[in-house]
Amino acid sequence: MRKLRAVLCIICLSALVPLLVFARRVLPMDTQSLVAKKYDGWSGVLRLWVFEGWPCGTGSLAPWLNQCVTRFESAHPGIYIQPQYVDEDAISDFGESGILPPDMLLFPPGLLNSPEGLVPLETPDGLRTALAHCGLWQGTAYATPVAMGGYMWVWNQALTDGIPSDWRDAGIAPAVLEPQDWRRWDAALLALGAGRRDDAAAHDEDDVSASLPGLDLGLALPDDPAPSITPAPSAESKPCRLPEDYQFSEDAWRLFINGEAPALAATQREVRRLQGLSEQGRGPDWGCSPGDAPFTDQLLLLGIVEKPEAEDRQELCREFLSTLMKDECQGSLSRVGAFSVTDAASGYPGGDPLATLEAALRADDLTTPACFDSEWKYDANLIVRKWIDGEGDSIQLWRTLRDRLVKNPNIISDQWRG
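Here goes a summary of the coordinates provided. (Residues numbered from 1 in each chain as written. Predicted model: local features only at pLDDT ≥ 70, side-chain atom pairs only at ≥ 80, totals over all residues. Heavy atoms only, no water.)

Attention now moves to the overall build of the chain. Looking only at helices and strands, one finds 14 helices and twelve strands in the chain. Counting only residues that meet the buried cut, the chain has 50% of its 418 residues in that class. The contacts of the chain with a sequence gap of at least 6 include a subset with a gap of at least 24, amounting to 78%. Looking at the chain as shown, the accessible area adds up to about 19,500 Å², and 51% of this sits on carbon and sulfur atoms. (Helix = DSSP H or I, 4+ residues; strand = E, 2+ residues; numbered from the N terminus. Buried < 20%, exposed > 50% of the residue type's maximum accessible area, 1.4 Å probe, protein only. Contact = heavy atoms within 4.5 Å. Areas by Shrake-Rupley, 256 points an atom, 1.4 Å probe, with all protein chains shown as cover.)

Spelled out as structure tokens, the structure:
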């Protein structure tokens, strides 16, 4: 009997062999050991430090980033991206703090003074020409924009018919927040009021097409694309003046939603908050339109950290950057209220106020600061202060600021501070 049981066990085990071979073919294989062998014991985890600085429409880019991480991991079995949200000091001191640095950084422009500790990058295919300079240092790219935000006007339809070409003549003042490190409202205000064509009818037509009443959000939205954008200031443009003794306000948001300010300089974050209030039957009836000149300092750039004997991992980081730049990722930025940096549409439907902002950000003359220029904000403050004090017209001062922003950050002289 014992011999019979042994024979039966052997027969059963033999029958399992084909099943094991079949299972090996159809079931997912644990590739972690193969990854570790290929990369000399490396765990297969790429560490990513993130400091956003500026808020997107929903407040954080995390849902979008996690979606892109999942897409990358699905295409690279055994490789994992580990995002960690850190403060700005962790990014600015990533190579000197004594803490093991990550493999990649996501950060806004101006946080790093130089690309020291980052590896050179090829400019990704599809990056818009107006953004190609952002991550350059002495002609070489060390960081690449992967997402962006922007600025636009919103106005209270009960207090004004739109954004005036001259605030002083109109006798009203826009509410604008105090400048912040990662949202320079002073530079944004100058761009928004840089000066428009001396053609009120043409601009009013743009304003009407861009307006979206705050309480009409439940109505069907038009299928037309975002309205055309007012051209950048030209020789025929009319300068814009601010009211005398104009000041920024920490209460700009409160003043606008309480009906005390006729207009507000806004980003995608304020627009989405206004939409939320409108859906609750609160806040003013509002419209929106782009500013006079396209500008943004709200960029998120990816850099790859230089590490000795880590070429294979750096190549994987480059592949992750390529994933972020693919249409599938860039085209889903609308889910968090941010904008594509490539030719791919961000995903906003016609009639969404952020579609109007996206159209403005796609202008060929979009102006942005350089990634490794931390001094531009101080120069912008001095330039804008001249406008507020009535010491120069908005057209010329905007050109001065544009010239300053396109200046190579490692050869900036004191001429901008004179």
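In this section: unusual backbone geometry. With a phi close to 60°, Asp245 is a non-glycine residue in the positive phi region. With respect to the helices, strands and loops of the structure, Asp245 is situated in the loop between strand 9 (237-238) and helix 8 (252-257). Despite not being glycine, Glu309 has its phi angle at roughly 55°, a positive value.

The next subject is the pairing of strand 6 (residues 144-148). Most of strand 6 is tucked away, with five of its five residues classed as buried. Two strands pair when backbone bridges link them, and strand 6 and strand 12 (residues 299-304) are joined in this way by four bridges, in the antiparallel orientation. The residue bridging Ala147 from the neighbouring strand is Leu300, located in strand 12. (Pairing = 2+ DSSP bridges.)

Moving on, we get to the pattern of salt bridges. In the structure shown here, the tally under the stated rule is 14 salt bridges. The salt bridge involving Arg272 is made with Asp352; its shortest N-O contact spans 3.0 Å. Remark: Asp352 occurs in the loop between helix 11 (327-330) and helix 12 (353-361) and Arg272 occurs in helix 9 (residues 268-279); sequence separation between them is 80 residues. Judged by relative accessible area, Arg272 falls into the partly exposed class, the value being 22%. Judged by its relative accessible area of 10%, Asp352 falls in the buried class. Salt bridges linked by common partners bring Asp103, Lys307 and Arg313 together as one network. (Salt bridge = Lys/Arg side-chain N within 4 Å of Asp/Glu carboxyl O.)

The subject of this paragraph is the nonpolar core. Judged by nonpolar contacts, the single largest core of 112 residues is most densely connected at Leu61, Trp64 and Phe320. Here the element with the most residues in this core is helix 6 (residues 185-192); it accounts for seven residues. Ignoring sequence-local partners within four residues, the contact set of Phe320 consists of Leu48, Leu65, Cys68, Val69, Phe72, Ile81, Met104 and Leu302. (Core = buried A, V, L, I, M, F, W, Y, C linked by side-chain atoms within 4.5 Å.)

Spatially, five strands are ordered 2-1-3-12-6 in an open sheet, and the strand pairing comes out mixed. The open sheet is flanked by strand 2 (80-85) and strand 6, the only strands paired with a single partner. Each strand of the sheet is rotated relative to its neighbour by a mean of 25°, with strand direction disregarded. Along the sheet, helix 3 (residues 62-75) contacts strand 1 (45-50), strand 2, strand 3 (104-107) and strand 6; its crossing angle with strand 2, the most-contacted strand, is approximately 165°. (Axes fitted to C-alpha atoms, helices over the stretch in contact; angles between N-to-C directions.)

Now for the sheet that holds strand 11 (residues 286-289). Here we have three strands laid out as an open sheet, ordered 10-7-11, and antiparallel in their pairing. Only two strands of the sheet have a single partner each, and these edge strands are strand 10 (263-267) and strand 11. Between one strand axis and the next, the sheet turns through 30° on average, direction left out of account. Pairing analysis gives five bridges linking strand 7 (residues 151-156) to strand 10, with the strands arranged antiparallel. Residue pairing for strand 10: Trp153 is matched across the bridge by Ala265.

The values are spatial; any link to function lies outside them.
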